[in-house]
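Structural overview for review
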Amino acid sequence: MDLHTHSAVSDGTDSPAGVARTAHSARIAGFALTDHDTTAGWADASAAAQELGLTFIPGIEVSTRFRGRSVHMLAYWINPSENTALAHRLHAVRESRRKRAQKMVERIAADFPITWDSVCELAAARGAGPRSIGRPHIADALIAAGSVGTRDEAFGAILTPDSPYYVPYDAIDSVEAIALIAQAGGVSVGAHLLSGGRGDHGAEASGIRDLLDAGLCGLEVDHREHAEPERTVLRTMAAHAGAVITGGSDYHGSGKPNRIGENLTSPDQLEALYSRASTTQ
Ligand code: AMP
Ligand code: MN
Ligand code: MN
Ligand code: MN
C-alpha cells in the first residue's frame, strides 16, 4: 500500500479517479489519497478504486507548525463530517491558504506576467478550488507564462521561503493537530520529518520524540527524501515509542518525479496503524 499520494484536488495533477487508475497500472494493492488540508477527493478516488479492485484508504496531509517549522502530518480514517473540530480548523487553514496564495501572486505579478485569475483558472481546470491553491499552482502559472521552465526552477528562484514574494500561511500547531486527528477518530503519522533541503521544513530529532510523546501514532520512514541514515534514525525512534512505520511515494502526478508505489507500507504496519483508529468507516 502506498500511503501518500496527491490529486489535483490539492497540488497533484491527476484527478482523484486518475490517481486510482495510476495505482492500478503500477500494480499496487491500494493507496491512500492524502491531499493537502482537504478530503474533497475521497469520494471519486474511492469509487474508482473500488471499480478497479484496489484498497482505498481515506487520508489527508495536514499543514501543521511545530517550534517555528513546517511539519506535514498525514492522517488516516478521520471522520469525514464537516462538524468535527478538525474539520473546522482545516476550513480555516484552507481560507488562510487562499489569502496567502493571492498575496504571493500579487507580489510576483509586480515582476512576472501572471495574475490571480490566471492562477485560479489553471487550478480550476484541474479541479482545485481557490482554497487549495499552493505554490505548485503558482509555479505552473509561471511556467505557462514562460517565466520559468519547470516547477523545480520556480521553487528554486521565486517561491522559496527566503524570497521577497513568499508569504506564510496559518497552520495548526502540531500537538493540537495530533489531538484533533485522534478526536476525529483518525491516526496521525509524521510525513517526511527528516527530509533535508526543504528550508524550514520538518522537525529536529528531539521534536519528533516530543510529538511521539504527544500521541503521534506513526512516522513516515520510507520516503524518497529520506536517505538510509534518516530512515534508520526514524525507525529507531518509532521502535522506542511503539509507533508504526509507514512508506509512501508522495505522488503528485506530473508535478514531481515521484512515481506511485515507489515506497510502500507493509501489511503488518498498516494493520497496526488501523488498530489505533477509532473510526467507524
Ligand atoms: P505550499 O504548501 O503552498 O507552501 O507548497 C508546498 C508544496 O509544494 C509541497 O506540498 C510540495 O508538494 C510542493 N513542492 C515543494 N518543492 C517542490 C519542487 N521543487 N517542485 C515541485 N513541487 C514542490
Ligand atoms: Mn504537495
Ligand atoms: Mn509533504
Ligand atoms: Mn505530500
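Everything that follows concerns the structure shown earlier in this document.
Now for a description of the structure that goes with this document.

Rules used in this analysis
- Per chain, the residues get numbers from 1 upward, laid out in the order the sequence is written.
- Chains carry letters and ligands carry numbers; both start at the beginning, A for chains and 1 for ligands, and go up in the order they are written.
- Whole-chain, interface and lining totals are the exception, using all residues; otherwise, since this is a predicted model, local features are given only for residues with pLDDT of at least 70 and side-chain atom pairs are given and counted only at 80 or more.
- The side-chain figures draw on all heavy atoms in the structure; neither hydrogens nor water molecules are used.
- Under the pairing criterion, centres of Phe, Tyr and Trp rings, with the six-membered ring standing for Trp, must be within 6.5 Å; the plane angle then separates stacked pairs below 30 degrees from edge-to-face pairs above 60, leaving the rest tilted.
- Under the scheme used here, helices are H or I runs from DSSP no shorter than 4 residues and strands are E runs no shorter than 2 residues, and both carry numbers assigned from the N terminus.
- Think of it in three bands: with a 1.4 Å probe and only protein chains considered, a residue is buried below 20% of the maximum accessible area for its type, exposed above 50%, and partly exposed in between.
- Donor atoms are limited to N, O and S found within 2.8 Å of the metal ion, a distance that becomes 3.2 Å for Na, K and Ca. With water left out, some sites might look partial.
- Square planar and octahedral assignments, for four and six donors respectively, both demand that opposite donors be over 155 degrees apart and that all other angles lie between 65 and 115; tetrahedral needs four donors with all angles between 85 and 135 degrees, and anything else is irregular.

**As for the packing of aromatic side chains**
Within the structure shown, the criterion is met by four aromatic pairs. Judged by centre distance (5.6 Å) and plane angle (70°), the ring pair of F31 and F56 falls under edge-to-face. Residue F31 is found in strand 2 (residues 30–33), and its partner F56 is found in strand 3 (residues 55–66); the two are separated by 25 residues along the sequence. A relative accessible area of 17% means that F56 is categorised as buried. Ring pairing ties together the aromatic residues Y76, W77 and Y274, which thus form one cluster.

**Things to note about the coordination of the manganese ion (ligand 2)**
Here the manganese ion (ligand 2) is held by the protein donor atoms D11 (OD), D11 (OD), H36 (NE2) and H252 (NE2), which lie 2.2 to 2.7 Å from it. Each of the six donor atoms bound to the manganese ion (ligand 2) contributes to angles spanning 52 to 144°, and the resulting shape is irregular. Between consecutive donors of the manganese ion (ligand 2), the numbers of intervening residues give the motif D-x24-H-x215-H. Distance-wise, the manganese ion (ligand 3) is placed 5.6 Å from the manganese ion (ligand 2). Placement of the pair is D11 in the loop between strand 1 (2–5) and helix 1 (16–25) and H36 in the loop between strand 2 and helix 2 (42–52), with a sequence separation of 25 residues. When sorted by exposure, D11 lands in the same class as H36, which is buried.

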